[in-house]
Every structure is written in C-alpha cells, then in structure tokens.
2 protein chains.
Amino acid sequence: MAEPAQMRMTPSRRAILTELARACHPTADEIYRRVRRRLPRVSLGTVYRNLEVLQTSGLIRTLLDARGQRRYDARLDDHCHVRCEECGRVDDVRVLSERPLEESIEDDHGYEIRGHQLSFVGVCPECAPDAKGRDSSIDAGRPRPQRR
Amino acid sequence: MAEPAQMRMTPSRRAILTELARACHPTADEIYRRVRRRLPRVSLGTVYRNLEVLQTSGLIRTLLDARGQRRYDARLDDHCHVRCEECGRVDDVRVLSERPLEESIEDDHGYEIRGHQLSFVGVCPECAPDAKGRDSSIDAGRPRPQRR
DNA sequence: CTATGTGCAAAGTTTTTGCAGCGTG
DNA sequence: CACGCTGCAAAAACTTTGCACATAG
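S.K.: How would you summarise the nonpolar core if you had to cite specific residues and measurements?
M.R.: Formed by 27 residues in total, the largest nonpolar core has its most connected members in A:Val82, A:Cys84 and B:Val82. Among the elements of the structure, strand 3 (80-84) and strand 5 (112-123) of chain A together with strand 3 (80-84) and strand 5 (112-123) of chain B are those that each provide at least two residues to this core. Setting aside residues no more than four positions away along its own chain, A:Cys84 makes contact with A:Ala66, A:Arg89, A:Tyr111, B:Gly122, B:Val123, B:Cys124 and B:Cys127.

S.K.: Mind laying out the state of the cysteines, listing which residues take part and the relevant values?
M.R.: Enumeration according to the criterion identifies zero disulfides over all chains in this entry. The cysteine A:Cys24 is free of any disulfide, with A:Cys87 supplying the nearest cysteine sulfur at 11 Å.

S.K.: Could you give me a rundown of the environment of A:Gln69, with the residues and numbers involved?
M.R.: Residue and element names in this part refer to chain A. Among the secondary structure elements, Gln69 is positioned in the loop between strand 1 (61-64) and strand 2 (70-73). Gln69 sits in the buried class, given a relative accessible area of 18%. Taking the C-alpha atoms as reference, Gln69 lies 24 Å from Pro40; in sequence the two are 29 residues apart.

S.K.: So what about the pattern of salt bridges? Which residues, and what values?
M.R.: Within the structure shown, the criterion is met by 27 salt bridges over all chains. Residue A:Glu112 pairs with A:Arg114 through a salt bridge whose shortest N-O separation is 3.3 Å. The class for A:Glu112 is partly exposed, based on a relative accessible area of 33%. Accessibility expressed as a relative area gives 14% for A:Arg114, which makes it buried. Of the charged contacts in the structure, one is a salt bridge between B:Arg99 and B:Asp107, with a shortest N-O distance of 2.8 Å.

Here is what the cut-offs are and how they apply
- Residues numbered from 1 in each chain as written.
- Chains lettered and ligands numbered in written order.
- Predicted model: local features only at pLDDT ≥ 70, side-chain atom pairs only at ≥ 80, totals over all residues.
- Heavy atoms only, no water.
- Core = buried A, V, L, I, M, F, W, Y, C linked by side-chain atoms within 4.5 Å.
- Buried < 20%, exposed > 50% of the residue type's maximum accessible area, 1.4 Å probe, protein only.
- Helix = DSSP H or I, 4+ residues; strand = E, 2+ residues; numbered from the N terminus.
- Contact = heavy atoms within 4.5 Å.
- Disulfide = S-S within 2.5 Å.
- Salt bridge = Lys/Arg side-chain N within 4 Å of Asp/Glu carboxyl O.

This is how it looks when you write it as structure tokens:
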C-alpha cells in the first residue's frame, strides 16, 4: 500500500499524465472521462490509484477547489490559483503586478474576487516526531489514511 | 432552500455557535459530537444545515483542511492558516514577522512547513453575468448545488 | 518470471435532502 | 399561528479497497 519501489509506465498511467497536461486542473472524474475516450476499459479506481502514485512520486500536485473537491495539477512550480465558487473551476493566476492583486486578477481573468486564502501546509508538532520520510508534494495533499 | 428571510436563534443554533467559538476549526462532525453532549437529540443534518445558514449570514466561515474536509471558523477577519497533512488539524498563523514567513511559523507553532498555497476565491467570468445577489462569505464556501 | 498495475464491484466517508411534526417570534 | 427548524432516515457525491487476473521490465 505504501508507494511501490519502482513505478512502471503503463498505458493508463501515460494517458492520465497526458490528459493532466492537456486539461486545466481536472477532477479525478474529468480525467477518468477523458482517458476513457482512448482507453475505454480504464476504471475510476485506477485513475485514483494512479493520481496518488503520481503525486507521491512528485510528478503532479493535488489541490482543492472552492467546494473541497480534489483537482490535479501538472504544474510543479509555485503559483497561485483563483477558484470559482459557482462552478468549481480553478485557474492559474499571475502574481506579477504593480496594481493591487485582487484588482489585477479581476482585470486579467475576468473573475469577480470575493476573498482570498493563504494557507501553509506542513506537519504539526504532534505528528512531527517520527519524520516519516516524506518530503515532496504540497498543496492539498496526500491520500487520507482514513478520514479519522 | 435559499437563505431564509429571518434567522431564528434556536437552542441548537446557539450551541453550535458556542462550540464553534470554543473549538479550533472543528469539522462538522466534531461540532456534532460536542453539541450532543448538551443536546443529545441534535442530528448531524441539523448541524450541517445550521453551518450553512450561519455561513450564508456571514457569521462564520468555511475552510478546507489539507485533506479537503470542511472545517468551520468563527473568526471573520482575514488571517492565515497552517494545515497539518497528517492529522488534518488547522491552526491560525500570525503573519507579523520580520523573518521569513516559513521560518517564523516553524518557530512559533512548531510546524514543519512543507509548502504553502495562496488562492483567490470568486466567480469566474462564465458564472458571473447573473450576479446572483450573494456577497458575504469567503474561503471554501457555499454548499455545493450538485457536485457536477 | 515477479512485483506492480488493472478492472470490477463493493464499501467507506462526508454532505445533502425529503418529510412530517415542533417551536420561536 | 406561520414560517423556520428539527430529528430521522435515505440518498448522493466522491474516494478507497479487496480480489483475481494481466503485464511491464
């Protein structure tokens, strides 16, 4: 169940990676539907398992849309997002600006900005002691062991 | 189903608000368990419905922990969070510092910081046209109509 | 060959809803 | 006493898993 020592490049894996690069922050289900157009026998379970492996390997990142649904991102560099509260869509945002950030986002992306959120992700003192050897990944994160 | 014209202050509502102020970013289920200690007949559905009403009324905010689970926040002013990837806990963070942010968070809160995320929340151009008359609320957000 | 990956289907977790009765203002 | 709230139970939405078979390296 832990990440495999060696990751094989299978057809479904490749297809998922491809769609991930093509679509903009797709959900697991969006990837599933797209991948199935070429490989009709792929299952949703496989998509989820692959997304987990890919994230653990540091090849992709997980993020959360405004509703809490997971979305996946092929971009690995640090960058910001705008999340639509109505449809769940997530766009990348340029943070190079001389004007107030909110204002320039409204101009550049047409979003009506209602707020923002800056979160740091890490491990709290109580969970930290046993530095479990992970290190990559950011954002939303790793699969839930069990939801508590 | 839209927000009621008038919000009544019922015992469960009051209890939820109390626990919300007492606990630190509780999940719906945590609130539920706490409220039940005093009002054993309260149902989870009621908790969710109340949290929604309270958020819509601008009395509380919704946020997402590192796993995507919703948590609720009684603080209404803008502030930052640290989210533990292991246990899901969310703490408030002070952003007044002369040192690099990450570093000062590690010192002040004992977290091992693995990354951060800055997201803007709003309404995308495609959903915007019909400004649906909402305006309060920020962060994670409003109830999902249907998840798509 | 063998460890890793897969389809399928069932189960899990969190959140939403319908309904009939209850209670606040 | 009307409209909002509630408990209860069923359903929905998303994600995880067990298992037997398939396959990359």
